[in-house]
Each structure stands twice: as structure tokens, then as C-alpha cells.
2 protein chains.
Amino acid sequence: MKQLSGACIIGQSGGPSSVINASVLGCVEAALKSPLITKVYGAAHGITGVLDDKLYDLTQEDPAELALLRYTPSSALGSCRYKLKDFLVDDTDYKRILEIFKKYNVRYFFYNGGNDSMDTCSKISSYMAQNGYECNIIGIPKTIDNDLWGTDHCPGYGSAAKYVATTCMELSRDYLVYQDPSIMVIEIMGRNAGWLTAAASLAKKFGMGPDLVYLPEVPFDMASFMEDVAELHKKQGDVMIAVSEGIRDAGGSYISSYFTDTANEKDAFGHSQMGGLAANLANFIKNKLGVKVRGIEFSSIQRCASHVASATDIEEAYMAGKAAFEAAASGISDKMVAFKRAEGPLYKCETVLVDLADTANKEKMVPREWINEKGNGVLPAFAEYALPLIQGETEQPKEGGLPRFAQLKRIVAR
Amino acid sequence: MKQLSGACIIGQSGGPSSVINASVLGCVEAALKSPLITKVYGAAHGITGVLDDKLYDLTQEDPAELALLRYTPSSALGSCRYKLKDFLVDDTDYKRILEIFKKYNVRYFFYNGGNDSMDTCSKISSYMAQNGYECNIIGIPKTIDNDLWGTDHCPGYGSAAKYVATTCMELSRDYLVYQDPSIMVIEIMGRNAGWLTAAASLAKKFGMGPDLVYLPEVPFDMASFMEDVAELHKKQGDVMIAVSEGIRDAGGSYISSYFTDTANEKDAFGHSQMGGLAANLANFIKNKLGVKVRGIEFSSIQRCASHVASATDIEEAYMAGKAAFEAAASGISDKMVAFKRAEGPLYKCETVLVDLADTANKEKMVPREWINEKGNGVLPAFAEYALPLIQGETEQPKEGGLPRFAQLKRIVAR
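Treat the numbers as computed from the prediction; the structure is a model and nothing was measured.

K.L.:
For this particular structure, what's the right way to read the overall build of chain A?
P.N.:
Regarding its fold elements, chain A presents 15 helices and 13 strands. At 22 Å, chain A has a C-alpha radius of gyration in line with the 22 Å of a compact globule built from 414 residues. Expressed along its principal axes, the backbone C-alpha trace of chain A runs to roughly 70 × 50 × 40 Å. The burial tally for chain A puts 65% of its 414 residues in the buried class. Of the charged side chains in chain A, 43 are positive and 51 negative; the average position of the first set lies 3 Å away from that of the second.

Given below as C-alpha cells:
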């Protein structure tokens, strides 16, 4: 463990969240105060900013504007979905990263993202170690999907969950206003893990919300689904349904691929492109039952709805960024900041460190025992887990009745 | 003008809004205090509740729960889209309404809704007058579409506009995070009038927002649209586009009907069913330009997002309901409450009364001179008009981190 003096870089990667900038702020404010740090850089669009030698000099930002990052959604430094190759196969990118690190005397590198970002972080960490370049590298977790391994939960999840539950409550008031029975299908993000879709069930706890909830953790069967819907429709008329975009059948095929071929379009990490499932399922139900069905997709809205962010999530995201810096400054490297929930009835959360290699490319699923037997609902254990994460209201500043987001100068270092 | 003693009924009709219940509350609280009023009823699902003899006895509600109506979205009494026939053609429904009015000694009738609701209100008023039944009838405006004639603006619009502008600001932060150019198409409600879609332009005023805005007021041409998009894409890469669901070509055909036949499905008032336009336009652009395009439909969310309601809108909605009761109690009938904006630089709004017959079935459009010449953007006059309406944040009470909505007992009167 070595205390190094030099510059630091922080980068953001993967899909944005409402609080990913709060983590950057936590890290940057700590770095700006530290006597070890000569310069604080933000990588433009994650690791591609390092490769392109495009670093923002955050030392030149107005601290008051930086402070607004706490309430500004989506990656303020820009994001990427760039996948580094294995350096034993092709080390071109790594050589370039080392070159840039040397150019700016970078001794601290922070990467703020999800599974894939921790993979990037871990690879860079190994390469630097193997090449004898001293640099402390810490991952800062972020994902609305909440699927990072090794942490109780992820910054970004609580705010997205609060949006999902709040909007489901509002929509449940909306779709019920007419006398004629009505069915609503809501599509929620989550390719493999159903954490965010499960949050729809919190609405029901406090009023009205989805009657049926389908997560990717349980194989989805169209015939059973239609039975569930038809049975409830017969019993109560109106039915509200929440489905994860990533529901798959027993053979592993995405249900969305039944209707379109967009699920076969892949991104750089080989992930399928989702969307359109709600509209297609709505149409399917309408044709079967001859009832009014509306499909609603929360789409990107759910990952940037900072106006309804969870205060708990904002503070924990900040705390994660700060903890990352403190760990690195104390000489620790090759770790990801994780959250540990204290035992006992009162919610309390502290940061711990886990090995980067252990978190990279692993996904944490909703435990099967938190899902009901039929696989169409979520059990109370989930609410116990999730409710503390959505507590508290944001104090997002407003201007002219609208959010006042950070306006960074983003001066590129030369 | 007669001061009548008896019961009052309030009903809600048409598509809900975030503040339609605030209007009910304004009316009901005034009625509960009035010595003229023997009973306060809420019609279940608008006029159909009167026809079905299903009236909620609001006198039996807990005043604290009623007070929560100020922050509870969507028609708490239920809504309908029932169209009354002309009573000269078929007076069956009117006879039934009169029967129910007599049964409960109803001397005050308030109807809270949009164009079609004012039509209903006006017809009932005429019928009662022609049949010598003394009853004061007042319409309370409500529509997120803001298209009611005779009023500066409508309760419900400010909150929906605040949601639209806020979400466009958040989405503009989201879709820009990647380096690759990206195009976003946002579909906003508004069948004939573009008021709500125009609100998307407020986002740009305070940060980032749609570059192109298309309202139904200007004929839409697919070729010019693609030219606008391609040109901006070439110039700046990312392009954000807001379209009204109701955009039509010069021949009057809905653009949504180019892609599907849902636009040909009509509701009880002969209105086309919209939706799916964003996804279809996104696909169209993607095929033409070969760029990543995301289509987002705000769908029902925009009309019930009470967590981001405008405080100005909430208070004005309450004021409209209260003014309706006060007018009726002072002996006035056959009017709709309208808003008049004071002259001068400071925003001030007061209620006035307009003839029901003058407002029924008329629609107020965005003035052509507030739209740019090319018909792909909104001019500053619109922001001057709309900004005061979105000011102030809701004080919606929360429970467990989620909205605490009114839970009415809804005891049916017998």
C-alpha cells in the first residue's frame, strides 16, 4: 500500500443513472481537497476519453457548478460502452492508456459504472500492475439494474426504483378511472436481473399497483401468462401488469423476440437491444381478450428521472465516490467500493471494499425465494430490502420551475 | 339568479389530470361549509354515475382524506367518456338525470372536464331550464391539452407541461451521454392542439431539450421532416425531436395512420386512438439515416405525474372549483369557470365566468404566430405564456418514500 502523489482521472461508463454524478462529485470533492492530488481530470466518455487524450480539467470548474452534480442526472462526463480486449491477446489500448497515464502523471484512476465497467477497471488494474506502473485503481458501482455482485445494492437503483414505484402508483390511479375494464402492461428496464421491475410491487404496498409482476429470473411462459391475466381480468376487470424487458422463455429466448427481431441486435458487449415488449404484449392480450389494453414503456425516463431521486440514494452515491477516493489515497488499489447493510431493524449502510476481479462480469439476481411460486409476483422480503433505498426526497434546485443542472465548462486538458 | 337550498353533485369526466381532484376539493370544501347545501355527492364515473344512481356521499368522508385530493392524480370519483344525445332527438338520459336530481333534491351540479364535458354540462343545463327544474349548473375546466375555449389556460395543463419540460431536460442529458450520434423522438399527447408538445420547448430554454418541435397546428410533411432531421444530424450529430401525437398531413390524415391503422379506431366521441407514433418515426429515421434512434412515448404518465405537479396549477385548480361553487351558490348557472390573466409583467390569474354554450365543443389552438415559419419550432411568445403556469413545487405528502394519495371511502348514497 503506497501513498502516491500525482493526478487522478475519473471516468463514467455504461448506462447513466440519476445519481452517477453524485458519485463523481464525492470522488472529485475529496480529490480536490487532497494534498496528494496535483490535478483532477474527468475522462470524456469513459475510457475512450483516455484513449483519445480527451480529459476535462475539473480543477478549472466552478465549485458551485460542480456541487450541482449531486442533482444532475446522466453521466456529466459522457459515457461509453467500449470493451477493452484481453491484453494478452491485444495490448494496443493498454499501451495507449499507460502512455496517457504517464503523460499526465496519473496515479489514481476511478471508474464509475456497472458490471462491464468493473471488467474494464480490473483489466487496467492488472495491466498496470504487470507493467510496474504505480497507480491506485478503484471502481465505483453504478447501475439502475442493481445487479452488481458483492454489494448489498448499487447507487442508482434506489432512485430508479422510487421512480418506478411512484409512477406505477400514479398510473394505477389513471388506468382505473373509467368504468370499462382496462389492462395496462408496463415494461421496465433490466436485461437479466429483475430488481427494478420488482420495485413496481412497492406501489401496491402503498395504494394500488401491478397485480402481476414478471422478472427475468423466472422462465416466462406465454400460455401461463395469458392464463394469469385472463383469470384476474375475469375476477376484477382491471389488471395492471409489470414485466421486465428481459423476460425469457424456458429455452432462453427473449419474449420480445417473439414479436420483433430487435432483440437480435447486439451492442458492443453482446447485449441485446430491448424495447417494444409492452406494446406487443398489450396487443397480444387485446387480441385474446378483446379488452382495452395500454402498453407503457418507461424507457430511458426511468434512469434519468432525477426530479424524483431518492435522497438516500443520492447520499450513498456521494459516499461511494468519496470512499473510493479515500481508499485510493490510503494506498489501496484493485478494489470496488461496495455497500454493506448493518444487521438489525434500523437501516444503516456503510462502504466496504471488494476485489475488482470478483465483481467483474458477474450478475446478482433477485433471489428465487423473494419471488412467489408461480413466478408472477414478489414476496414481502423484497419490500423489506428495497424500501429503505427509496426514502427521502431530493433537494434538487430549481430555476424557472425546472431543474437547474450543473453546467460544466469541460475544458480539455492539453 | 336564485339562491337554492338542496344537494349538490360534482362529477369528473374525460381524461384525468394531476390536479383534477384539486378542483373537486375546492368545490367540495366550499359546498360542505355552505348553509345552502344539504348533501354533497360525487357522481361515480361522471354522468354515468347519475344515470346509474351511483352517487358517493362525500359528507361521510374524513376531511383529512378529502384534503389529500389536492395532491392525488386522476379522477378520484372515476371518469367517463359518455356522450349525451341531443335531447330533441332522444331525451331518455335527460329524463333519468332529472329523476335522479329530484330523488336527491339536487340543486347544484358541477361538471369537471374538457370540451366534451362542457358539452354535457351545457345540454343538461338547457334541458333543466326547459323543463323548469331549478338547478344551478357550472362547468369546471380541466384538460392537460389546454384547448378549452374562453379561458387563458386550463387546470391540468401547467402540471403536465412541467412534467413534459422536466422530463425532456432529463432525457436530453441522457441521450447525449454516448459519443456516437443519437436521435430521440418524443411523442406527447394532444390530439388537435399542440400546447403540451410546445411545452417541450421550455426544456431548451433552461438547458437542453428538443431541437425540433412539431405541433398539430401546422400540416406535417414527411419529406420536410426528414430534411429537417437529416440537416441537423449532419450539423450536430445528436437531434432531439418532440412531436404531438396528433400531427397530420396537409390532407388531414394522421401521420400515425401512415404506420398503423390504430388511428382509425374511434372512441365514443369519435376521437381517434393515438400512440405508437414515436416508435414508428424512430424506425423511419433509423432506416433513412442509419443512426441510433430511440422513440419515447410519454403516454398516460404525462397526465398523472402528480409528484412533479406545478404548485401554481394545483392552487388554480382548487380556485376554479371553489369559484364554481361560489358562482352557483350566488344563483348563477349555465357558465364555465375560466381563467383571466392580468395585464402587466407580473403573472396574476383570476377566475371569470363564460357561457357554457360558448365553450362546448370548441377547441383553442396554439396561435400560428407562436410557431416558427417552417413549423418545426416554437417562438419565445409561447414561453412567456407557459412559464408562469409551471412555477412552484408540489407539497405532496409522502409515506414510505412514496406519494400518500387520498383513500376515499366512496360510500354510495341510498
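That shown, we press on.
K.L.:
Explain the sheet that holds strand β1 (residues 6-12) of chain A here, please?
P.N.:
What holds strands together in a sheet is hydrogen bonding between their backbones, with the strands either parallel or antiparallel. Residue and element names in this part refer to chain A. Pairing within the open sheet is mixed, and its 7 strands lie in the order β3-β2-β1-β4-β5-β10-β11. In this open sheet, the two edge strands, each paired with only one partner strand, are β3 (55-57) and β11 (349-355). Averaged over all adjacent pairs, the angle separating strand axes in this sheet is 30°, with direction ignored. With 7 bridges connecting them, strand β10 (residues 335-341) and β11 associate as antiparallel partners. From the neighbouring strand, Phe-339 faces β11, where its bridge partner is Thr-351. Running at roughly 175° to β1, helix α1 (residues 20-33) makes contact with β1, β2 (37-43), β4 (106-113) and β5 (136-141) of the sheet.

K.L.:
Would you mind showing me how to read empty space enclosed by the protein here?
P.N.:
To locate leftover empty space, one rolls a probe as large as a water molecule over the atoms. Per the counting criterion, the structure on display carries 1 cavity of 30 Å³ or more. Each pocket or cavity is described by its volume, and for the largest cavity that value is around 60 Å³. In terms of lining residues, the largest cavity is bounded by Glu-399, Pro-403, Arg-404, Phe-405 and Gln-407 of chain A together with Met-169, Arg-173, Phe-206, Gly-207 and Met-208 of chain B. A breakdown of the residues in the lining of the largest cavity according to their chemical character gives 5 nonpolar, 2 polar and 3 charged.

K.L.:
Teacher, can you tell me more about the sheet that holds strand β11 (residues 349-355) of chain B here?
P.N.:
Residue and element names in this part refer to chain B. Within the open sheet, the 7 strands sit side by side as β3-β2-β1-β4-β5-β10-β11. Their pairing is mixed. Strand pairing shows two members of the sheet lacking a second neighbour, β3 (55-57) and β11, which therefore form its edges. Neighbouring strand axes in the sheet, compared pairwise and without regard to direction, differ in orientation by 30° on average. One ladder, built from 3 bridges, connects strand β2 (residues 37-43) with β3; its direction is antiparallel. Paired with Gly-42 across the strands is Tyr-56, a residue of β3.

K.L.:
Would you mind going over the interface of chain A and chain B with me for this structure?
P.N.:
For an interface, size is often stated in terms of accessible area lost upon the parts coming together. Contacts between the two partners involve 59 residues from chain A, matched on the other side by 59 residues from chain B. Together, the buried faces of chain A and chain B total about 4800 Å²; carbon and sulfur atoms form 56% of this surface. Summed over the three residues of chain A that lose the most area to chain B, namely Glu-170, Arg-173 and Tyr-178 of chain A, the buried surface amounts to 15% of that side. Here Arg-303 of chain B ties to Asp-174 of chain A by a salt bridge, and the two come within 2.7 Å at their closest N and O atoms. Run the count over chain A and chain B and you get 33 residue pairs in polar contact (both at pLDDT 80 or more). Going through the elements one at a time, α6 (157-175), β9 (292-297), α12 (301-304), β12 (398-399) and β13 (402-403) of chain A are the ones with two or more residues in the side of chain A that touches chain B. The class makeup of the residues in the side of chain A that touches chain B is 26 nonpolar, 20 polar and 13 charged.

K.L.:
Would you mind going over the pairing of β4 of chain A with me for this structure?
P.N.:
Strand residues, when the strand is regular, have side chains that alternate between the two faces of the sheet. Residue and element names in this part refer to chain A. Across the 8 residues of β4, 8 count as buried, placing the element largely inside the fold. Bridge count between β1 and β4: 6 bridges; the pairing is parallel. The partner of Gly-11 across the bridge, within β4, is Tyr-111. Across 6 bridges, β4 lies against β5 in parallel orientation. In the strand pairing of β5, Phe-110 is matched with Ile-138. Handedness of the crossover joining β4 and β5 through helix α5 (residues 115-130) is recorded here as right-handed.

K.L.:
What's the story with the layout of surface pockets in this structure? I'm lost.
P.N.:
Considered as a void within the structure, the second largest pocket measures approximately 400 Å³ in volume. Looking at the second largest pocket, it is lined by 20 residues, and the ones nearest its centre are Ala-76 and Arg-410 of chain A together with Arg-173, Leu-176 and Met-208 of chain B.

K.L.:
I tried to follow the relation of the copies chain A and chain B on my own but got confused; where do I start?
P.N.:
The two chain copies are connected by a rotation around an axis plus a translation along it. Aligned on chain B, chain A shows an RMSD of 0.0 Å; the corresponding rotation is 180° and the shift along the axis is 0.0 Å. Seen this way, the second copy is the image of the first under a two-fold rotation axis. Interface residue correspondence from chain A to chain B reaches 100%, placing this contact among same-surface, isologous pairings.

K.L.:
Would you mind showing me how to read the side chain of Thr-120 of chain B here?
P.N.:
Structurally, the position occupied by Thr-120 of chain B is in helix α5 (residues 115-130). Among residues more than four places away in sequence, those in contact with Thr-120 of chain B are Ile-47, Tyr-82, Leu-84 and Tyr-111 of chain B.

K.L.:
I would appreciate a short explanation of the environment of Glu-217 of chain A in the present structure.
P.N.:
Residue and element names in this part refer to chain A. Tracing the sequence through the fold places Glu-217 in the loop between β7 (212-214) and α9 (222-236). Owing to a relative accessible area of 18%, Glu-217 belongs among the buried residues under this scheme. Along the chain, Glu-217 and Gly-246 lie 29 residues apart, while their C-alpha atoms are 9.2 Å from each other. Excluding residues that lie within four positions of it along the chain, Glu-217 makes contacts with Asn-192, Ala-193, Gly-194, Met-365, Val-366 and Ile-371. Only 2.8 Å separates the side chain of Glu-217 from the backbone nitrogen of Val-366, close enough to count as a polar contact.

K.L.:
I keep staring at the packing of aromatic side chains and nothing clicks. Help me out?
P.N.:
The way to describe two aromatic rings as a pair is by their centre distance and the angle between their planes. Residue and element names in this part refer to chain A. Counting across every chain of the model gives 36 aromatic pairs over all chains. Ring centres of Tyr-108 and Phe-325 lie 6.2 Å apart, and the angle between their planes is 40°; this geometry places the pair in the tilted category. Within this pair, whereas Tyr-108 is found in strand β4, its partner Phe-325 is found in helix α13 (residues 311-329), the two being separated by 217 residues in sequence. Accessibility classification places Tyr-108 together with Phe-325 in one group, the buried group. A ring pair is formed by Tyr-214 and Phe-220, whose centres lie 5.3 Å apart and whose planes are at 80°; its orientation type is edge-to-face.

K.L.:
Even after reading the chapter, I still don't get the pattern of salt bridges, so can you show me in this structure?
P.N.:
Side chains that differ in charge, positive against negative, can pair when their charged atoms come close. Residue and element names in this part refer to chain B. The final tally for this structure, using the stated rule, is 34 salt bridges over all chains. Here Lys-85 ties to Asp-90 by a salt bridge, and the two come within 3.7 Å at their closest N and O atoms. According to the relative accessible area criterion, Lys-85 is partly exposed, its value standing at 48%. For Asp-90, a relative accessible area of 27% corresponds to the partly exposed category.

K.L.:
Help me understand the environment of Ala-383 of chain A in this model?
P.N.:
Residues and elements named next belong to chain A. By the element assignment, Ala-383 lies in helix α15 (residues 380-386). The sequence separation of Ala-383 and Trp-370 amounts to 13 residues, and the corresponding C-alpha distance is 9.4 Å. Not counting residues up to four positions away in its chain, the partners in contact with Ala-383 are Leu-202, Lys-205 and Pro-388.

K.L.:
Any chance you could explain α5 of chain A here in plain terms?
P.N.:
Along an α-helix, residues three or four positions apart point the same way, because every turn accommodates 3.6 residues. Residue and element names in this part refer to chain A. Look at α5: 23 Å from first C-alpha to last across 16 residues, which is about the 22 Å you get at 1.5 Å a residue. Of all 16 residues making up α5, 13 are buried, and the element is well covered by its neighbours. The first or second residue beyond α5 is Gly-132, which carries a positive phi of 65°.

Scoring rules and cut-offs
- Residues numbered from 1 in each chain as written.
- Chains lettered and ligands numbered in written order.
- Predicted model: local features only at pLDDT ≥ 70, side-chain atom pairs only at ≥ 80, totals over all residues.
- Heavy atoms only, no water.
- Helix = DSSP H or I, 4+ residues; strand = E, 2+ residues; numbered from the N terminus.
- Rg over C-alpha atoms; globule rule 2.2 N^0.38 Å.
- Buried < 20%, exposed > 50% of the residue type's maximum accessible area, 1.4 Å probe, protein only.
- Lys, Arg positive; Asp, Glu negative; His and termini not counted.
- Charge placed at Lys NZ, Arg CZ, Asp CG, Glu CD.
- Pairing = 2+ DSSP bridges.
- Axes fitted to C-alpha atoms, helices over the stretch in contact; angles between N-to-C directions.
- Contact = heavy atoms within 4.5 Å.
- 1 Å grid on protein atoms, 1.4 Å probe; cavity = no way out; pocket = protein on both sides within 12 Å on 5 of 7 lines; lining within 4 Å.
- Points joined across faces, edges and corners; volume = space filled by probe spheres on them.
- Nonpolar A, V, L, I, M, F, W, Y, C, P; charged D, E, K, R; others polar.
- Buried area = accessible area lost by both parts, 1.4 Å probe.
- Salt bridge = Lys/Arg side-chain N within 4 Å of Asp/Glu carboxyl O.
- Polar contact = N/O pair within 3.5 Å; in protein donor to acceptor, adjacent residues only side chain to side chain.
- Right-handed = clockwise from strand over helix to strand, strands pointing away.
- Least-squares fit on C-alpha atoms with pLDDT ≥ 70 in both.
- Phe/Tyr/Trp six-rings, centres within 6.5 Å; stacked < 30°, edge-to-face > 60°.
- Expected span 1.5 Å × (residues − 1).

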